Amino acid sequence: MEQECAVFTLILLCLIIEMIQGDTVTQPSNPTLVKETENTSIHCKYDLTSGSTPVLFWYIQDPNQAPQLILNEYSKEEDIPPRFRNRFSASHTNAEKTFHLNITAAVLSDSATYFCALRPTL
Ligand SMILES: *[C@@H]1O[C@H](CO)[C@@H](O)[C@H](O)[C@H]1NC(C)=O
Ligand SMILES: *[C@@H]1O[C@H](CO)[C@@H](O)[C@H](O)[C@H]1NC(C)=O
């Protein structure tokens, strides 16, 4: 008899938000599908017309919850909430204007909407 294997698929949605003086620019991307225990990366590429280098943030929004900060580009490991610590990382690549979020060993509760946000520096 064949063994049944339940595989949970997480759905990660990414929105990029540009926070400029109350103006918000949102670009939804296609959902990322990932299975439990897999590693994945959620891509964030921003387009900022001004020459300044922004500060970048990743937020998570669980269903029916307010968005919660995961990390920003300066977060130390101990600043990251325990739920994400040591599994979530991102590094800002200025030249490519990217801030991809890496997730190691995905768990079902990672299934959520993710926001990449930027705050321009003056
Ligand atoms: C996921 O990433 C971790 C940490 O970088 C690594 O040890 C592990 O082998 C990776 N797993 C897969 C399936 O690539
Ligand atoms: C994210 O994953 C990519 C591909 O595995 C790797 O090249 C990159 O260094 C990782 N970034 C971080 C911040 O861990």
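Source: prediction; values computed, not measured.

Engineer: Sorry if this is basic, but what is going on with the confidence of the model for the protein here?
Structural biologist: Caution applies to low-pLDDT parts of the model: their predicted coordinates are not meant to be read in detail. Chain-level pLDDT for the protein is 80 on average; 72% of the residues reach the 70-or-more range. Across residues 1-6 the pLDDT falls below 50, and counting only partners more than four positions away or on other chains, this stretch makes 0 contacts in the model. Note that residues 21-25 has pLDDT below 50 and, in this model, 6 contacts with residues that lie over four places away or in other chains.

Engineer: What exactly am I supposed to notice about the site of ligand 2 here?
Structural biologist: Taken together, S89, A90, S91 and N102 are the residues near ligand 2. Contact between ligand 2 and N102: an oxygen atom at 2.3 Å from a side-chain N or O atom of the residue. Protein contacts shield 32% of the accessible area of ligand 2, which totals 360 Å² for the unbound molecule. Grouping the constituent residues of the shell around ligand 2 by class yields 1 nonpolar, 3 polar and no charged.

Engineer: Can you help me understand the sheet that holds strand β7 (residues 88-93) in this one?
Structural biologist: As a general point, the strands of a sheet are linked pairwise by backbone hydrogen bonds and lie either parallel or antiparallel. The strand order β4-β8-β7 describes an open sheet built from 3 strands, whose pairing is antiparallel. If you trace the sheet from one side to the other, it starts and ends with β4 (40-42) and β7, each paired once. The mean inter-strand angle of the sheet, taken between neighbouring strand axes irrespective of direction, is 25°. Note that β4 and strand β8 (residues 98-103) share 3 bridges and pair antiparallel. In the sheet register, I42 faces β8, and the bridge partner there is L101.

Engineer: Looking at this model, I keep getting lost on the state of the cysteines. Mind explaining?
Structural biologist: Chemically, a disulfide is nothing more than a covalent bond linking the sulfur atoms of two cysteines. The full count for this structure, using the stated rule, is 1 disulfide. Between the sulfur of C44 and that of C116 lies a disulfide, 1.9 Å long from S to S. Since a negative S-S torsion denotes a left-handed disulfide, the C44-C116 link at about -60° is left-handed. Of this pair, C44 sits in the loop between β4 and β5 (55-61) while C116 sits in strand β9 (residues 112-119), and the two are 72 residues apart along the sequence. Judged on exposure class, the residue C44 and its partner C116 are both buried.

Calculation rules
Residues numbered from 1 in each chain as written. Chains lettered and ligands numbered in written order. Predicted model: local features only at pLDDT ≥ 70, side-chain atom pairs only at ≥ 80, totals over all residues. Heavy atoms only, no water. pLDDT = per-residue confidence, 0-100. Contact = heavy atoms within 4.5 Å. Near = heavy atom within 4 Å. Polar contact = N/O pair within 3.5 Å; in protein donor to acceptor, adjacent residues only side chain to side chain. Areas by Shrake-Rupley, 256 points an atom, 1.4 Å probe, with all protein chains shown as cover. Nonpolar A, V, L, I, M, F, W, Y, C, P; charged D, E, K, R; others polar. Pairing = 2+ DSSP bridges. Helix = DSSP H or I, 4+ residues; strand = E, 2+ residues; numbered from the N terminus. Axes fitted to C-alpha atoms, helices over the stretch in contact; angles between N-to-C directions. Disulfide = S-S within 2.5 Å. Buried < 20%, exposed > 50% of the residue type's maximum accessible area, 1.4 Å probe, protein only.

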